[in-house]
Every structure is written in structure tokens, then in C-alpha cells.
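# Inside the fold
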Amino acid sequence: MTTRKAMLTIGKGKKIRDLPVYKGTEGPEVIDITALYKESGLFTYDPGYMSTASCESSITYVDGEKGILRYRGYDVTELAGKSNFMEVCYLLLNGELPDKKESELFIAEIKNRSMVHEQLLFLYRGFPRFSHPMAIMCGAFASLSAFYHDSLDIHDEKQRNNAALRMIAKTPTLAAMAYKYSIGKPFNYPRNELDYTTNFLHMLFAVPSEDYKVNKVLAKAMDTIFILHADHEQNASTSTVRLAGSSGANPFACISAGIASLWGPAHGGANEAVINMLEEIGDVKNIPKFIKKAKGKDDPFRLMGFGHRVYKNYDPRVFLLKDTCHKVLAELGMLNNSLLKIAVKLEEIALTDKYFIERNLYPNVDFYSGIIYKAMGIPSNMFTVIFTIARTIGWIAQWKEMIEDPKLKIGRPRQLYTGHKLRKYVSIGKRK
Ligand code: ACO
């Protein structure tokens, strides 16, 4: 990181002082305004973090204008084509791709931790069957801190690593349990002879009464989806994890906070909303009506799976997801699927529409993933849960990076106060 100085002038040429400007390896330079309040009595105001870098990070790089996404310097498309999710987890966590021995050890360490405490089964049984699986995921993840007391000390590197491995290993188990519980079927234990992603699909779909073989094309598709969703720098859920963790909260509680944030329809919950929207559209001939609704100033309806805070160009993950979607539907003999037809046509129409062009609204990562899940037989309330499995590694890597940064400070934003000035208390009988 290199530094230069920038002069900030406020009002009638009042010079604050030369503020440091940092240049990272890529991306826009940032102005360090930490001394601004002390020197000027002013706060900066940036709701939604439109121009604010909230931290320094060396994990993931996104260039929204050029449509670039890289993990630790590797292009996500190349990783999705040549690597696998376990390797990507190692990369995000440790900064480098593993050699053969490191890879084998990492996979073994994950497999060793894939079961959950038996007592957790009772926690699941306390939820109503109709619970949204994301509600169960928030609760189950936070509850891990009640079970694994030997990985709560965030100042102990060994415990931090143990917590990281535990969370990567247990997320698919917790996710599959949430699904099985919602449909009233028995939980499946993890199978260590299977790879990470195949094991997840096995826990999701197998029943104890018969053998179940996971389809290799579907397992590969899910692995690709996991890679593409693994990290996305300082998005809402990751920033939530960082803010929660900045107080010293334990890692299980922090990831649970991230899951809650991911659940929102403007974030990870959008993949569920996309399918609901495609089903509501129902037929290609109804698309123009919905495009019109999406453009209406007074209509809250938005085209779900379109638009992104950072990407003002094609989201690089969408090409691969669209291709994966076609592969999965071809494997399952569903290329005539009506939702896919609506999605492809919707994308085509939106991309030639002035409203969407002018606002740089392109399909995002959630646009095609839902169709893939649906074709695999996964219900829509599980879509964001799958996103959770993939993003857990990103959250953990970002949390670890923050905890290991000697400059760590508790996150404490300020505000522009617009409430009352001091008022006198009036007793209840005298109030108007
Ligand atoms: N459909 C129709 N219009 C849209 C859409 C959309 N999907 N997205 C943005 N717009 C319009 C807005 O109405 C606004 O128009 P205006 O300038 O006339 O007021 C303009 O585009 C800019 O939109 P903002 O909301 O200011 O953009 P922001 O960066 O804050 O929001 C967001 C990004 C939340 C993703 C938004 O595009 C959206 O709601 N999309 C649909 C939900 C979605 O797919 N979310 C998943 C995001 S990816 C992820 O989290 C994994």
C-alpha cells in the first residue's frame, strides 16, 4: 500500500490539512478521514456506504465497471472452471492454493468436523415444522457457540482456526438438517467417503430406507455455485459479520449475524424472490406487463435478480451460472422448462430496454441460480440456505483477517441527528 497526501477544503477555502491517500494494489484510492472530526468537528455522511471503504482487505477484488471478480488474485471464472470448492475454501482462508499434501490435510480436517453435536437435534426439534430454514440456520449457527467452548477464544490462533474449520464443515450438515426437518424426514449423517458438495446433496436427498447416488453433473453444478458465491468483498452480510466481530463477539455468533443479513430480499434472499417472480409472470407473453411494472416510479415492484450496487456491467458469475443452468436442465431432460424460457426472454427484453440500459441494470448472481435449484428439486425457501453454505467461507476469511489485524477497532459509525433538541419532561396528566 502506498501513500500520498490530499488537501481537503471545506466551505470558503478552509483547509483541513493534508489527508493521507492510500493506493491499494488495484481499485480506487481512498482518503483516510479518521482525523477529520478531530480537526474540523465534521463527520462524513454516507448512508449505504456509497463512497466509503470500510476496511483494508487482501481477500477479494471486485471491479464493478469491468465485471471482474477475483479471490486472492485468481479470476473466479478460472477457479470455477479448473478448481473445486474445497480448494477455494483453502485459498480464501490461507491466501494461497494448497499443494497436494496441504489439500489432503485440509479435506481430512473438514471431514473430521462434519457431524454436529447430537444435542443440536433437539434444538431443531423445538422449531415449528413450517419454520423458514433461514430462521433455523440463524438459530442453529448462533447455538454452535453454546456447544464448542474450545473455539470461542478469538485471541487464540488455534481456537480461531478450529472455529473456522468447524463452521465450513458443519454448514452443509446444518443446512440439510433444516430441509429434512421442514419436510418431516429423518436427518442424514454426513458421509466421509463423499466429497464436500456430493455429501451435501446426499444429506439433502437421501433417505435411510434406500441407497442414493448423487448425480455427478448436479454435484459439479453445485460445486460451481459454491465457488461463485464464496466471497464478494464488503457486501451487506460480510460487513455485518465484520461489525459484529469488531466487538470481540465469538465467531459462531458473528456468522449467525451474517446469515440474518444475507436472508434479506435485497441481498441473498433475491434468488428465492426471482423464482417467485418468474412463477408470477407465468408465461413469456406476460413479460411486457412486468417490465412496465418494474419501470413504474410509484410501483414498488422490481425485477428480482437484476441490478447490483457494485456491478454496473455484467456480473461475471452470471455467464457461468447461465451455462451451468443449461447443463443441469439438459441432464434432467428439462430444457423445455417454462421458467427458463421466461428467464431467458426476460433477460433479453430487459437488456434492450432503455430504462435498464440507462441504469446499468444487468442480471445478477441470483437470476439463474434459483432455476438450477428448482430443477434439482430444491424448494425455494432453501435457496438462500445454499447461498449460506457457500458464503460461510467468505465470512470466516474476512472475520479472521479483521481479528488478525493489529489495527482492529470496534466499528462505531456516527450519525446526522435530526430529532428533538432538549425538552422538559411533562407528567402524564399535563400532556396534551
Ligand atoms: N428493477 C427495476 N429497477 C431497478 C432495479 C430492478 N431490479 N434495481 C434498481 N433499479 C432502479 C431503481 O429504481 C433506481 O431507479 P431511479 O434512478 O429511477 O430511482 C436505479 O435503478 C438505481 O437503483 P438503486 O436502488 O439506487 O441501486 P442500489 O445500488 O441501491 O441497489 C440492488 C442495488 C439492491 C441490488 C437493486 O438493484 C435491487 O433491489 N435489485 C433487485 C434485488 C436483487 O436482485 N438483489 C440481489 C443483489 S445481488 C446479491 O446480493 C447477491
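Notes on the structure follow. Note that the coordinates shown come from a computational prediction; the quantities given were computed from them, not determined experimentally.

## Details of the pattern of salt bridges
Throughout the structure, instances matching the rule amount to 20 salt bridges. The shortest N-O distance in the salt bridge between R113 and E109 comes to 3.4 Å. Judged by its relative accessible area of 18%, R113 falls in the buried class. The exposure class of E109 is partly exposed, given its relative accessible area of 28%. For E358, the salt bridge identified is with K354, shortest N-O distance 3.7 Å. Highlighted residues: E358 and K354, both in helix 16 (residues 354–358), separated by four residues, approximately one helical turn. Note on E358: relative accessible area 52%, which makes it exposed. By relative accessible area, K354 is classed as exposed at 61%.

## Regarding helix 8 (residues 196–205)
The buried count for helix 8 comes to nine of ten residues, which makes it a mostly enclosed element. Burial in helix 8 covers these residues: Y196, T197, T198, N199, F200, L201, H202, M203 and L204. Where helix 8 is buried, its residues meet helix 3 (85–94), helix 4 (100–112), helix 7 (157–182), helix 9 (216–228) and helix 18 (383–403). The N-capping residue of helix 8, defined by a side-chain oxygen 3.1 Å from the backbone nitrogen of T197, is D195.

## Quick look at the site of the ligand
What surrounds the ligand is a group of 21 residues, the closest being K297, R302, L303, G305 and Y355. A distance of 3.0 Å separates an oxygen atom of the ligand from a polar side-chain atom of H267. A distance of 2.8 Å is found between an oxygen atom of the ligand and a side-chain nitrogen or oxygen belonging to K297. Contact with the protein chains removes 74% of the 930 Å² of surface that the ligand exposes when unbound. Looking at the shell around the ligand residue by residue, the class counts come to eleven nonpolar, five polar and five charged.

## Looking at helix 3
Structurally, the α-helix is built with 3.6 residues per turn, so residues lying three or four positions apart point the same way. The element helix 3 is largely enclosed, with a buried count of eight among its ten residues. Of the residues making up helix 3, those classed as buried are F85, M86, V88, C89, Y90, L91, L92 and L93. For helix 3, the N-terminal cap is N84; the gap from its side-chain oxygen to the backbone nitrogen of M86 is 3.2 Å. Residue G95 follows helix 3 closely and has a positive phi angle near 95°.

## Some thoughts on the packing of helix 12 (residues 270–281) against helix 17 (residues 366–376)
Interaxial distance between helix 12 and helix 17 falls to 8 Å at its minimum, and their mutual angle equals 75°. When the axes of helix 12 and helix 17 are compared, the pair comes out roughly perpendicular. Every residue of helix 17 that contacts helix 12 at A270, N271, V274, I275, M277, L278 and E279 is listed here: D366, F367, S369, G370, I371, Y373 and K374. Considering only residue class, the contact of helix 12 with helix 17 consists of eight nonpolar, three polar and three charged.

## A word on the packing of aromatic side chains
Evaluation of the coordinates by the stated rule reveals 19 aromatic pairs. On the numbers, 5.8 Å between centres and 65° between planes, the contact of F306 with F356 is edge-to-face. One end of the pair, F306, is in the loop between helix 13 (287–295) and helix 14 (316–331); the other, F356, is in helix 16, with 50 residues separating them in the sequence. With a relative accessible area of 10%, F306 lands in the buried category.

## Here's the deal with the nonpolar core
Among the nonpolar cores identified, the biggest contains 115 residues, and Y71, Y124, I168, F200 and L303 are the most heavily contacted of them. Look past the residues within four positions of L303 in its chain and what remains in contact with it is M277, I291, A294, L346, A350 and F356.

## Description of the pairing of strand 4 (residues 60–63)
The two faces of strand 4 match: T60 and V62 on one face and Y61 and D63 on the other face are all buried. Relative to strand 5 (residues 68–71), strand 4 runs antiparallel, the two being bridged by four bridges. Each bridged residue has a counterpart across the sheet, and for D63 the counterpart in strand 5 is I68. Between the end of strand 4 and the start of strand 5, which pair antiparallel, lie four residues, with G67 showing a positive phi angle near 70°.

So, how was this worked out
- Residues numbered from 1 in each chain as written.
- Predicted model: local features only at pLDDT ≥ 70, side-chain atom pairs only at ≥ 80, totals over all residues.
- Heavy atoms only, no water.
- Salt bridge = Lys/Arg side-chain N within 4 Å of Asp/Glu carboxyl O.
- Buried < 20%, exposed > 50% of the residue type's maximum accessible area, 1.4 Å probe, protein only.
- Helix = DSSP H or I, 4+ residues; strand = E, 2+ residues; numbered from the N terminus.
- Contact = heavy atoms within 4.5 Å.
- Polar contact = N/O pair within 3.5 Å; in protein donor to acceptor, adjacent residues only side chain to side chain.
- Near = heavy atom within 4 Å.
- Areas by Shrake-Rupley, 256 points an atom, 1.4 Å probe, with all protein chains shown as cover.
- Nonpolar A, V, L, I, M, F, W, Y, C, P; charged D, E, K, R; others polar.
- Axes fitted to C-alpha atoms, helices over the stretch in contact; angles between N-to-C directions.
- Parallel < 35°, antiparallel > 145°, perpendicular 65-115°, else oblique.
- Phe/Tyr/Trp six-rings, centres within 6.5 Å; stacked < 30°, edge-to-face > 60°.
- Core = buried A, V, L, I, M, F, W, Y, C linked by side-chain atoms within 4.5 Å.
- Pairing = 2+ DSSP bridges.

So far we have only geometry, and geometry alone does not tell us how the molecule works.
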